[in-house]
Amino acid sequence: MLAFSVPSLHIPVAIKTQTPLKKSMFLNSQLHSKHSLIHGNTSKFKLLTALSPSPLTDSSSNLQVDDEAEVETGSEKFDWYSQWYALMPLCDLDKRAPHAKKVMGIDVVIWWDRNEGEWKVFDDACPHRLAPLSEGRIDQWGRLQCVYHGWCFNGSGDCKFIPQEPRDGPPIHTSKKACVAAYPSTVQNDILWFWPNTDPQYKDIITRKTPPFMPEIDDPSYTRVMVNRDIPYGYEVLIENLMDPAHVPYAHYGVMNTAQPKEKDDREGGRPLELSIEELDVNGFTATQGWSKSIFMPPSIFYNVFTSNNTLYDPNYAYSDPNKPASSVDTMKSSFQKKIALIFICIPVSPGNSRLIWCSPRNFGLWIDKIVPRWIFHLRQNLIIDSDLYLLHVEEKKIMDVGQENWHKACFVPTKADALVIGFRKWLKKYAGGQVDWRGKYSGALPPTPPREQLLDRYWSHVVNCKSCSLAYKSLHVVEVALQIISVAAIGIVAAVKQGAVSAVTRNSMVVLAVLSFALSRLLAHFIYKYLRYHDYNHAFH
């Protein structure tokens, strides 16, 4: 989550993807090269920039939207259902059981087909009576079994067994109506992806179009810790929040250590930011922060890479002259160049709900991840999400009240600090219909706001979906119970032993052991609840 703590960095980007009838895209990692999102013909566009932080008149605020920009889009429209979507990191999938997920309003079940040695993605509905297959099991023959009536399916979705089928009658299980719809899926960058269309014409879509490739994740010289979390606000708000470095010192105050300017105008150290959009078309956009680059690759990926000769390792440069030549900061001489990537994958789940998968692969400090358990890293990363979760949930409600299509008119975004957010809203409105295309699955209304403890819940939004945190949760509970048993046992022994049978020192030691064990069990219970169940964040007291 360093994107929050280091808002202005120089980013050399290397990312590759393949699209039908287009060459593979590769953005080189030269520090000052020009970056392009796609090959081939690109739409002409007027550079999208936000206003300067100088005093503005009301009439000048029209530039914040730039609706009249001369953009030649032709018939280019973004198709939400012709994209690869990330489902889960492999490290958080259990091959012994099926998993339920929702993406783009589609309920799917993920399961490991040991006969083919592949992860499979099916519609999460048994064709018999539409019971969720995600509540089923993998049977002894490696088939996905619906536990409502025992129907079994192979990796292609074909029904292989119906227990209620007459043994001497026609083979009912061979009917096409008994099959489960299977989605194309693939594993890339240690993440399971799926294509949200079961039409047979997309069966081999992987040969024509692959998910975006992030080389740092697969590079053995890098280490990384992946995290996934279900978020109780929508895709649009999630992705624009990640593109907004200006909120970091305020919304995450006391949680994240941010570089501070030499002269502060307030306690938090907010300052003007030089952000702008470089290239924008149907395939997303590249952006600059004056001395850094970032990429939005729709629908899901916001991608950055930082190196040791930029402001990640020279925080004072962020507050110097933005027109300063790059050579003036390339003074650190080292045979080894430190690199760290920030990769955010934002997944639309349903209106008012999204999922975030993120990681920060780096080529230094590899030993840290080898000795520190993964779940320890997740504690702070979840706190970062929690610290602005409620306000974003409420913000989305207000946006929906005025209408997604009126975002540009309702929100006053007069400074360059909002340029990336404006760029995303620009792309969304011009190429993607202004919002996620749910294909009529929902009424358009957001779900009601639950109680705060449920809204900020960590257990169901993360712990149960994370192997390491789930194991830590269970293990810590075992330790808690063990401490309680020790406490009771020690008191029991003291009470049972006759006076004089043991020395006073021994009796006192047993009492101390009982008290300490009980106190530790209470502290551990508090820790489990606060960091693995629910942790509120009150901005007024931070």
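Residues numbered from 1 in each chain as written. Predicted model: local features only at pLDDT ≥ 70, side-chain atom pairs only at ≥ 80, totals over all residues. Heavy atoms only, no water.

## Comments concerning unusual backbone geometry
For the bond running from Pro298 to Pro299, omega is 5°, close enough to zero to count as cis. By the element assignment, Pro299 lies in the loop between β18 (293-297) and β19 (301-307). With phi around 65°, Leu130 is a residue other than glycine that occupies positive phi space. With respect to the helices and strands, the residue Leu130 is situated in the loop between β6 (118-123) and β7 (137-138). Residue Leu130 is classed as exposed on the basis of its relative accessible area of 62%. (Helix = DSSP H or I, 4+ residues; strand = E, 2+ residues; numbered from the N terminus. Buried < 20%, exposed > 50% of the residue type's maximum accessible area, 1.4 Å probe, protein only.)

## Section: the nonpolar core
Trp80, Tyr235, Phe296, Ile345, Leu356, Phe424 and Trp427 are the most contacted members of the largest nonpolar core, which totals 85 residues. For Trp427, the residues in contact, after removing those within four places along its chain, are Phe78, Trp80, Tyr235, Leu280, Asp281, Val282, Asn283, Gly284, Phe296, Pro298 and Ala432. In this structure, Phe122, Ala131, Trp151 and Phe153 belong to the second largest nonpolar core, which totals 15 residues. (Core = buried A, V, L, I, M, F, W, Y, C linked by side-chain atoms within 4.5 Å. Contact = heavy atoms within 4.5 Å.)

## Description of the packing of helix α6 (residues 374-402) against helix α10 (residues 467-496)
How two helices sit against one another is set out by the angle between their axes and by the gap between those axes. Look at α6 against α10: their axes get within 8 Å of each other, and the N-to-C directions meet at 100°. If you check the angle between α6 and α10, you find them roughly perpendicular. Of the residues in α10, those in contact with Arg374, Trp375 and His378 of α6 are Lys467, Ser468, Cys469, Ala472 and Leu476. Residues that form the contact of α6 with α10 fall into these classes: 4 nonpolar, 2 polar and 2 charged. (Axes fitted to C-alpha atoms, helices over the stretch in contact; angles between N-to-C directions. Parallel < 35°, antiparallel > 145°, perpendicular 65-115°, else oblique. Nonpolar A, V, L, I, M, F, W, Y, C, P; charged D, E, K, R; others polar.)

## Focus: the pairing of strand β12 (residues 185-188)
Every second residue of β12 is oriented toward a common face, the buried set being Thr186 and Gln188 and the non-buried set Ser185 and Val187. In this structure, β12 lies alongside strand β13 (residues 191-194), joined through 4 bridges in antiparallel fashion. Bridge pairing in β13 links Val187 to Leu192. Here β12 folds back onto β13 in antiparallel fashion, the turn holding 2 residues, of which Asn189 has a positive phi close to 55°. (Pairing = 2+ DSSP bridges.)

## Points about the sheet that holds strand β3 (residues 85-89)
Taking strand neighbours across the sheet as the criterion, the 3 strands line up as β3-β13-β12 in an open arrangement whose pairing is antiparallel. What marks the edges here is a single partner per strand, and that holds for β3 and β12. Strand-to-strand twist in this sheet, taken as the mean axis angle between neighbours without regard to direction, amounts to 30°.

## Concerning the environment of Asp219
By the secondary structure assignment, Asp219 is in the loop between α2 (215-218) and β15 (227-231). Classification of Asp219 as partly exposed rests on a relative accessible area of 28%. Separated by 144 residues in the primary sequence, Asp219 and Asn363 place their C-alpha atoms 8.9 Å from one another.

## Side note on the confidence of the model for the protein
Taken residue by residue, the protein gives an average pLDDT of 82. The fraction at 70 or more is 80%. Long-range and interchain partners of residues 1-74, a stretch whose pLDDT sits below 50, account for 202 contacts in this model, where long-range means more than four residues apart. (pLDDT = per-residue confidence, 0-100.)

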